[in-house]
Amino acid sequence: MPQIRTDLRNIAIIAHVDHGKTTLVDCMLRQSGQFRDAQLAGEQILDSNDLERERGITILAKNIAIPYKDVKINIIDTPGHADFGGEVERVLSMADGCLVLVDAAEGPMPQTRFVLGKALEVGLRPIVVVNKIDRKDSRAYDVVNEMFDLFLQLGATDEAADFPYLFSSTKEGYATTDPNVRTDSILPLMDLILEKIPSPEVEIGAPLQMLVTTIAWSEFVGRIAIGKVHAGTIRKGMNIAMMQKDDKITQGKIAQLYTFNNLGRTEVHEVDAGDIAAVVGLIEIEIGDTICPPMSLNPLPRIHVDEPTLKMTFGINNSPLGGKEGKFVTSRHLRERLMRELEKNVALRVEPIDGTEQFSVAGRGVLHLSVLIETMRREGYELSIGKPEVIYRNNNGVIEEPFEILVIEVPDNQTGPVMEMVGARRGQVLEMSNRNEITIIKFSIPARGLIGLRTRLLMATQGNAVINHRFEGYKPREESIPGRSTGVLISMVGGRANAFALDSLQARSEPHVTPGDVVYEGMIVGENSRNEDMDVNPTKEKKLTNMRASGSDKNIILKPARKFTLEEALEFIEDDELVEVTPSIIRLRKIILKEIDRKRANRK
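Model, not experiment: these values are computed from the prediction.

## Section: the packing of helix α4 (residues 110–121) against helix α5 (residues 140–153)
In a packed pair of helices, the relevant descriptors are the angle between the two axes and the axis-to-axis distance.
Here is step 1 of the chain: At a closest axis distance of 10 Å, the pairing of α4 and α5 adopts a crossing angle of 55°. Between α4 and α5, the interaxial angle falls into the category oblique. Relative to α5, the crossing made by α4 is right-handed. Only M147, L150, F151 and Q153 of α5 make contact with α4, whose side of the interface consists of T112, R113, L116 and L120.

Written as structure tokens, this is what we have:
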């Protein structure tokens, strides 16, 4: 007989990027009364990863548990960026309800639609939290109406569309039923969670069923499988069977068992159905596997994750400067690291490229793959990355490509450059609206058209454009999309860049190197003002004589060199170029380094 665990609530917090999810969790932690001040120092407490703190976004889904009024609330903080949708999709199966956070000024954004749609698909009971009501341009009740419209557009049931809602300012640390009345705590939200989020309905006496949704890694114990116990009880020391893909069955034994408690995990002897557990000792466990008793093999449906839409070529760094900085520089190291990433990153795909030592790595977007590259370089890897390419598919003889919904917010007087740039990349306007002298334009655009678009839009709008996108679906392939309109300066020699040489080049280019930087033949040292590549000598020194002439000893004033972030470098390069990534520097280069070899290849 099913039982209702009134002592448990499992909730996921979902929202668009930067709408305040992690700050909300900070408030709930601080007001739960379970922690010393020293334990909760700083902000974005759950964003413990260095990359998350630097970028100000959540990348990895995380679990914590807060006790409140004799109820254990398991909280899952999910990423807000569309490129990390794989993280969202796999953890939602652990929850029974969700907090949908939405900005009181911006309203529902592309990722709000994406994560809410996923939550409704798995039947989660929603609570809408209109956050940032302390903003001057807050329009709290209008946003509630927009959320109701969004629920209807997504085909929500009558029960889900009749959602409870609250208003909050997680920055100020309070929640309220009336945006004009400030309270002194977040506790109204905690009470609403207990009232409206359903308790898990489980069969504790039934045979064990646990679906693995996350794989963590420890240097001491190896793989840690995390998931919700759907039925029965899991115990330390128990013999189990893992129901894996392709109907494979693997035997194992539970060495250690943990449950989530506050910010960490607590070792226990057993975990009953309805709760979230972490299991140690299963060497071959994978995401999507079901843990069952050996005598009762009854797998749960495997996790379905949307397919990747973008791929890049990963290879070893074979430039003349390769191997001088990194600890891991061989193709064997690269293969092992990518295979290890596959174990926990369900939205990733890795395939070796025949006849080479390179790998085709596919993911959800440039940000998804660049976070992997950035993580690898910090671990000491050196690698070279090719230009991002979209993944086409053949649908009954029709070649289709992925399309994205692109939403751009821009001041009214700067809509012209936006329309021109997006239109040139085959973007079609779907909708336009205006709010407080800000124009919001919604486009449907091929995913190809997004590559390199963000940087150019920000430059054209003096950094005022706010750009968001989400996957729309596959449509028939569009015509060709214009690439980079400028050529590059390619070093024809090796050595160190010289101020005298760079001074003569900067009149017709934008330099990428500074005096003293090491360069090599085939390395890209600048962006040409024309649409053709040019081979140059950035190491050329001034010829010294014992004669002096008026005007020849002028001071050299160089323009600041343009230094690329990883995403900007990936979006800048063309098909015949690579991004060279080492632990300390990012360089751009041609695939074929020697000038004579490039000319020979072009003739062919």
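## Quick word on the nonpolar core
Here is step 1 of the chain: I14, V130, M147 and F151 are the most contacted members of the largest nonpolar core, which totals 40 residues.
Here is step 2 of the chain: Here this core gets 6 residues from one element, more than from any other, and that element is α5.
Here is step 3 of the chain: Apart from residues no more than four positions distant in its own chain, M147 is found in contact with V100, V102, P108, T112, L116, V128 and F163.
Here is step 4 of the chain: With 32 residues, the next largest nonpolar core counts L334, L338, V390 and V581 among its residues.

## Describing the sheet that holds strand β2 (residues 8–15)
Here is step 1 of the chain: Ordered by their spatial adjacency, 7 strands build an open sheet running β3-β4-β2-β5-β6-β7-β8, and the pairing between neighbours is mixed. Of all the strands in the sheet, the pair left with one neighbour each is β3 (62–68) and β8 (174–176). Pairwise comparison of adjacent strand axes, ignoring direction, gives a mean angle of 30° for this sheet.
Here is step 2 of the chain: Against the sheet, α4 touches β2 and β5 (97–103), its axis set at about 150° to β2.

## Focus: the pattern of salt bridges
Here is step 1 of the chain: Inspection of every chain in the model, using the stated rule, returns 35 salt bridges.
Here is step 2 of the chain: With its nearest N and O atoms 3.1 Å apart, the salt bridge here joins D289 to R302. Here the residue D289 occupies a position in the loop between β18 (276–280) and β19 (290–292), and R302 occupies one in the loop between β19 and β20 (310–316), the gap between them amounting to 13 residues.
Here is step 3 of the chain: The exposure class assigned to D289 is buried, which follows from its relative accessible area of 0%.
Here is step 4 of the chain: Take R302: its relative accessible area is 34%, and that puts it in the partly exposed class.
Here is step 5 of the chain: The residue D597 makes a salt bridge to R600 at a minimum N-O spacing of 3.1 Å. Within this pair, D597 and its partner R600 are both found in helix α15 (residues 595–603), separated by 3 residues, close to a single helical turn.
Here is step 6 of the chain: Under the relative-accessibility criterion, D597 is labelled partly exposed at 29%.
Here is step 7 of the chain: A relative accessible area of 39% places R600 in the partly exposed class.

## Topic: unusual backbone geometry
Here is step 1 of the chain: For K69, which is not glycine, the phi dihedral falls at a positive 50°.
Here is step 2 of the chain: Relative to the helices and strands, K69 resides in the loop between β3 and β4 (71–77).

## Focus: the pairing of β5
Here is step 1 of the chain: With 7 of its 7 residues buried, β5 lies for the most part within the structure.
Here is step 2 of the chain: What you see with β5 is no split at all: G97, L99, L101 and D103 on one side and C98, V100 and V102 on the other are buried throughout.
Here is step 3 of the chain: In the classification by handedness, the crossover that spans β5, the intervening α4 and the parallel strand β6 (residues 125–131) is right-handed.

## Some points on the pairing of strand β34 (residues 524–528)
Here is step 1 of the chain: In terms of burial, β34 is a largely internal element, 5 of the 5 residues being buried.
Here is step 2 of the chain: In the sheet, strand β30 (residues 488–491) pairs with β34 via 3 bridges, with the strands oriented antiparallel. Bridging from a neighbouring strand, L489 pairs with G526 of β34.
Here is step 3 of the chain: In this sheet, β34 lies alongside strand β32 (residues 509–511) in antiparallel orientation, the contact comprising 3 bridges. Bridging across to β34, E510 finds its partner in E527.

## Focus: helix α9 (residues 366–378)
Here is step 1 of the chain: The first and last C-alpha atoms of α9 sit 18 Å apart over 13 residues, in line with the 18 Å expected at 1.5 Å per residue.
Here is step 2 of the chain: For α9, a buried count of 11 out of 13 residues is recorded, marking the element as mostly surrounded by other parts of the structure.
Here is step 3 of the chain: Along α9, the residues that are buried comprise V366, L367, H368, L369, S370, V371, L372, I373, E374, M376 and R377.
Here is step 4 of the chain: G380 sits one or two positions beyond α9 and adopts a positive phi of about 105°.

## What to know about the confidence of the model for the protein chain
Here is step 1 of the chain: A residue-level look at the protein chain finds 91% of positions with pLDDT of 70 or above and a mean pLDDT of 83.
Here is step 2 of the chain: pLDDT under 50 marks residues 36–47. Its contacts with residues more than four places away, or in other chains, come to 34 contacts.

## Here we look at a nonpolar patch on the surface
Here is step 1 of the chain: Together, M419, V429 and M432 give the surface a local cluster of nonpolar side chains, amounting to about 250 Å² of exposed area.
Here is step 2 of the chain: For M432, the location among the structural elements is in strand β27 (residues 428–435).

## A word on α4
Here is step 1 of the chain: Its 12 residues give α4 an end-to-end C-alpha distance of 17 Å, which sits within 8% of 16 Å, the value for a rise of 1.5 Å per residue.
Here is step 2 of the chain: Taking burial as the measure, the 12 residues of α4 include 9 buried ones, the bulk of the element.
Here is step 3 of the chain: Of all the residues in α4, the buried ones are P110, Q111, T112, F114, V115, L116, G117, K118 and A119.
Here is step 4 of the chain: After α4 finishes, the residue G123 shows a positive phi value of roughly 80°.

Criteria and cut-off values
- For every chain, the first residue of the written sequence is number 1, and numbering continues from 1 onward in sequence order.
- For this predicted model, a pLDDT threshold of at least 70 governs which residues receive local features, and a threshold of 80 or more governs which side-chain atom pairs are given and counted, while totals over whole chains, interfaces and linings are taken from all residues.
- Excluding hydrogens and water, the side-chain figures rest on all heavy atoms present in the structure.
- A fitted line through C-alpha atoms serves as each axis, taken over the contacting stretch for helices, and the angle formed by two N-to-C directions is quoted from 0 to 180°.
- Note on conventions: DSSP H or I runs of at least 4 residues are helices, E runs of at least 2 residues are strands, and numbering of each starts at the N terminus.
- For this classification, under 35 degrees means roughly parallel, over 145 means roughly antiparallel, 65 to 115 means roughly perpendicular, and everything else is oblique.
- Helix crossings get a hand from a simple test, with the near helix turned counterclockwise from the far one by less than a right angle marking a left-handed crossing and a clockwise turn marking a right-handed one.
- Two residues qualify as a contact provided that any one of their heavy atoms is within 4.5 Å of a heavy atom in the partner residue.
- Note on terminology: a nonpolar core comprises buried Ala, Val, Leu, Ile, Met, Phe, Trp, Tyr and Cys residues joined through side-chain atoms within 4.5 Å.
- Partly exposed describes any residue whose relative accessible area lies between the buried limit of under 20% and the exposed limit of over 50%, with all areas from a 1.4 Å probe on protein chains only and scaled to the type maximum.
- Strands qualify as paired when DSSP identifies two bridges or more between them.
- Whenever Lys or Arg places a side-chain nitrogen within 4 Å of a carboxyl oxygen from Asp or Glu, that contact is recorded as a salt bridge.
- Note on handedness: a clockwise path from strand one over the helix to strand two, with the strands aimed away from the viewer, defines a right-handed crossover.
- Given a helix with a known number of residues, its expected span is that number minus one, times 1.5 Å.
- On a scale of 0 to 100, pLDDT captures the predictor's confidence in every residue.
- Residues enter a patch when their relative accessible area is above 30% and they make no salt bridge; the linking distance is 9 Å between like charges and 5 Å between nonpolar side chains (Val, Leu, Ile, Met, Phe, Trp, Tyr).
- Values of accessible area rely on a 1.4 Å probe in the Shrake-Rupley scheme; residue burial ignores everything except the protein chains shown.

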